[in-house]
Amino acid sequence: MTNLLFVDVDGTLLTLKEGQQYIPPSAIRAMAQARELGAQVYLCTGRSLADARFIANLTSEGQNLAIDGIIGASGGVVSVGDKIIFHRTLGARAVLELEAYLQAHDAHYYLESNEGIFFDPVFMEHARRTWGIAHRTDWDTIARPLEEANRASVNKLCFRAWEGGLTFEDVSAMFGDRFYLVPATHGDQAVVGGEISCRGVNKATAIRLLLDHLALPQVRTFGFGDSSNDIEMLDACDEAIVMGDARESAVREHATYVTSAVLDDGLARAMAHFGLCPAIGLTNGQMVVW
């Protein structure tokens, strides 16, 4: 039996607090020890492949994350090691249509691809101010101006608009029959926003594709998440672990186990509960990721 772990990033592996992004050292140790015991560990995130690789390779104190691959863009791309085994794009014409609609309604956005994240100026300023990356000049290696984006390679678009303007429901009514949409606040509860990706593609479809690719005789799957874009993943896994500080209470309805908060060593506690790693010493501490 091979244990396969699918770990969301934002709100699960790491969290934003007081302008910094944090990950408990216990999470890094638990993931490494799970792999030493024979498990395979995959990041399963809404972030782009470029962004997820950036996180995996640039945690502080030189501690890279021990992972076997990445499901990124909410299922839009799947990699095993350095090899991409699946990639679905929105299509250049669709991206241009979405951009024109958002611009006409004074919304701001960024585009994601395997090569990077491409921001309009307003969203770029918002990200630098609120995402805990203002001090990271190396973030510029993946965060680029919107005009540098190749629309043909975009697999996800994220948007935001001030309250009183465009709503998530407006965008969903306009494009929901053609694309997969989930709401998002992008770190600010006062801002209405969402994510737009390929219809028929989500974290669960990516997990099933990965399982077919690996062709392992017996597997037990574990999903670790905290928000609405994790629900398909949680439902697709044998064990669905939800973080104790999940903002959306409805997500807990999909859990087989609710662990503690991110900074209360929630990931390590859950892995130890299921025997995926030893009952390692918990840190109850914080480590800056970015």
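Just above sits the structure.
Below is a short write-up of the structure. (Residues numbered from 1 in each chain as written. Predicted model: local features only at pLDDT ≥ 70, side-chain atom pairs only at ≥ 80, totals over all residues. Heavy atoms only, no water.)

The next point concerns the overall build of the chain. For the chain, the count of helices and strands is eight helices and 16 strands. Counting all 290 residues of the chain, 56% fall into the buried class. Excluding contacts between residues fewer than 6 apart, the proportion of contacts in the chain whose partners are at least 24 apart in sequence is 67%. (Helix = DSSP H or I, 4+ residues; strand = E, 2+ residues; numbered from the N terminus. Buried < 20%, exposed > 50% of the residue type's maximum accessible area, 1.4 Å probe, protein only. Contact = heavy atoms within 4.5 Å.)

Glancing now at helix H4 (residues 121–130). Think of an α-helix as turning once every 3.6 residues; residues three or four places apart then point the same way. Residues Phe 123, Met 124, His 126, Ala 127 and Thr 130 constitute the buried set of H4. All buried residues of H4 fall inside an arc of 160° around its axis, so they share one side. Exposed and oriented more than 90 degrees from the buried face of H4 are Pro 121 and Arg 129. Where H4 is buried, its residues meet strand E2 (15–17), strand E8 (108–113), strand E9 (116–119), strand E10 (143–145) and strand E11 (154–162). Capping of H4 at its N-terminal end is provided by Asp 120; its side-chain oxygen lies 3.2 Å from the backbone amide nitrogen of Val 122. (Arc of directions from axis to C-beta. Polar contact = N/O pair within 3.5 Å; in protein donor to acceptor, adjacent residues only side chain to side chain.)

Attention now goes to the sheet that holds strand E6 (residues 77–80). Taken in spatial order, the eight strands line up as E7-E6-E5-E4-E1-E14-E15-E16 in an open sheet, and their pairing is mixed. Two strands in the sheet have a free side with no partner beyond their single neighbour: strand E7 (83–87) and strand E16 (257–258). Across six bridges, the pairing between strand E1 (residues 2–7) and strand E14 (residues 219–225) is parallel. Paired with Phe 6 across the strands is Gly 223, a residue of E14. Sitting on the sheet, helix H6 (residues 203–214) touches E1, strand E4 (40–44), strand E5 (69–72), E6, E7 and E14, and the angle it makes with E4 is about 150°. (Pairing = 2+ DSSP bridges. Axes fitted to C-alpha atoms, helices over the stretch in contact; angles between N-to-C directions.)

Attention now moves to the packing of aromatic side chains. Evaluation of the coordinates by the stated rule reveals eight aromatic pairs. Taking the centre distance of 5.8 Å and the plane angle of 20° together, the rings of Phe 6 and Tyr 42 count as stacked. Here Phe 6, found in strand E1, pairs with Tyr 42, found in strand E4; they are 36 residues apart in sequence, far enough to count as distant. Of the two residues, Phe 6 and Tyr 42, neither departs from the other in class, the shared state being buried. Between Tyr 257 and Phe 274, the ring centres sit 5.5 Å apart and the planes meet at 80°, which makes this aromatic pair edge-to-face. Of the two residues, Tyr 257 sits in strand E16 while Phe 274 sits in the segment after helix H8 (266–273), which places them 17 residues apart along the sequence. (Phe/Tyr/Trp six-rings, centres within 6.5 Å; stacked < 30°, edge-to-face > 60°.)

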